[in-house]
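# Examining the three-dimensional arrangement
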Amino acid sequence: QVQLVESGGGLVQAGGSLRLSCAASGRIFSSYVTAWFRQAPGKEREFVAAIRWSGSSTYYADSVKGRFTISRDNAKNTVYLQMNSLKPDDTAVYNCAVDSFLGPIAKVPTRGMDYWGKGTLVTVSA
């Protein structure tokens, strides 16, 4: 079992920055992948970014590429999402998720992830 707790959400003005954290507990193997997804009001959940617990593989949605950075601290079992140049369209509940998927990280967006956190709300005002 893996437990995930997100934090760091809040209200920020357009152009501002936030850093989200996803603290994981339980059995995390180096081959696991962690991803951030988001769901805006009235919209479907969408993939944001993914990273493996080992190596340097990362993957981003086109909508956040160049603005968001996913990183990890293995010693703290924590994955971060640094969000810069935020836009009102980035307003959503952000969830982190973990999966034991061993395939190409580019396929993570269509995966059914094994474990999910409850999410943290990010609101970007115009």
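Check the entry above for the structure.
Procedures and definitions
The written sequence of each chain sets the order in which its residues are numbered from 1. Reporting in this predicted model follows two pLDDT cut-offs: at least 70 for local features of residues, and 80 or more for side-chain atom pairs to be given and counted; totals over whole chains, interfaces and linings ignore these cut-offs and use all residues. For side-chain calculations, the full set of non-hydrogen atoms in the structure is used, while hydrogens and water are omitted. In DSSP terms, a helix is any run of H or I states spanning at least four residues, a strand is any run of E spanning at least two, and both are numbered starting from the N terminus. Using C-alpha atoms as the atom set, the radius of gyration is obtained and then compared with a globule rule of 2.2 Å times the number of residues to the power 0.38. When a carboxyl oxygen of Asp or Glu lies within 4 Å of a side-chain nitrogen of Lys or Arg, that pair is called a salt bridge. Here the rule is simple: two strands pair whenever DSSP picks up at least two bridges between them. Here the axes come from fitting lines to C-alpha atoms, over the contacting stretch only for helices, and the angles between their N-to-C directions go from 0 to 180 degrees. For Phe, Tyr and Trp, where Trp contributes only its six-membered ring, two rings pair if their centres lie within 6.5 Å, and the inter-plane angle classes them as stacked under 30 degrees, edge-to-face over 60, or tilted in between. Three labels apply to residues, based on accessible area from a 1.4 Å probe with only protein chains included: buried if under 20% of the type maximum, exposed if over 50%, partly exposed otherwise in between. We call a charge positioned over a ring when the NZ of a Lys or the CZ of an Arg lies within 6 Å of the ring centre and within 35 degrees of the ring normal.

## Quick look at the overall build of the chain
Within the chain, the regular secondary structure consists of 0 helices and 11 strands. For the chain, the α and β elements follow one another from N to C terminus as β-β-β-β-β-β-β-β-β-β-β. Relative to the 2.2 N^0.38 estimate, which gives 14 Å for 126 residues, the radius of gyration of the chain is 13 Å and therefore close to what a compact globule would have. With the C-alpha coordinates aligned to their principal axes, the bounding extent of the chain is approximately 40 × 25 × 25 Å.

## Brief notes about the pattern of salt bridges
One pass over the structure, following the stated rule, counts 5 salt bridges. Among the ionic pairs, Arg38 bridges to Glu46, the shortest N-O distance being 2.6 Å. We note a salt bridge from Arg67 to Asp90, for which the minimum N-O separation is 2.8 Å. Taken as a pair, Arg67 in the loop between strand E6 (58-60) and strand E7 (68-73) and Asp90 in the loop between strand E8 (78-83) and strand E9 (92-99) lie far apart in primary sequence, 23 residues in all. What emerges from the salt-bridge pattern is a single network uniting Arg38, Glu46, Arg67 and Asp90.

## A look at the sheet that holds strand E1 (residues 2-7)
Spatial ordering of the open sheet is given by E1-E3-E8-E7, a layout of 4 strands whose pairing is antiparallel. With one partner strand each, in any of the chains shown, E1 and E7 form the two edges of the open sheet. Strand after strand, the sheet turns through a mean of 15° between neighbouring axes, direction not considered. Sheet topology note: the E1/strand E3 (residues 18-26) ladder contains 6 bridges and is antiparallel. Within E3, the residue paired with Glu6 across the bridge is Cys22.

## Details of the packing of aromatic side chains
Two aromatic rings are characterised by how far apart their centres lie and by the angle between their planes. If you walk through the whole model with that rule in mind, you get 3 aromatic pairs. The interplanar angle of 75° and the centroid separation of 5.7 Å between the aromatic rings of Phe37 and Phe47 together place this pair among those described as edge-to-face. Linking Phe37 in strand E4 (residues 33-39) with Phe47 in strand E5 (residues 46-52), this pair joins segments that are 10 residues apart in sequence. An identical accessibility class is assigned to Phe37 and Phe47; each is buried. Seen from their ring centres, Phe37 and Trp116 are 5.0 Å apart, and the 50° between their planes marks the pair as tilted. Taken together, the residues Phe37 in strand E4 and Trp116 in strand E10 (residues 115-116) connect sequence positions 79 residues apart. Since its relative accessible area comes to 31%, Trp116 is described here as partly exposed. Members of the aromatic cluster, each reached through a chain of ring pairs, are Phe37, Phe47, Tyr59 and Trp116. The residue whose ring lies beneath Arg45 is Phe37, and the NZ or CZ to ring-centre distance is 6.0 Å.

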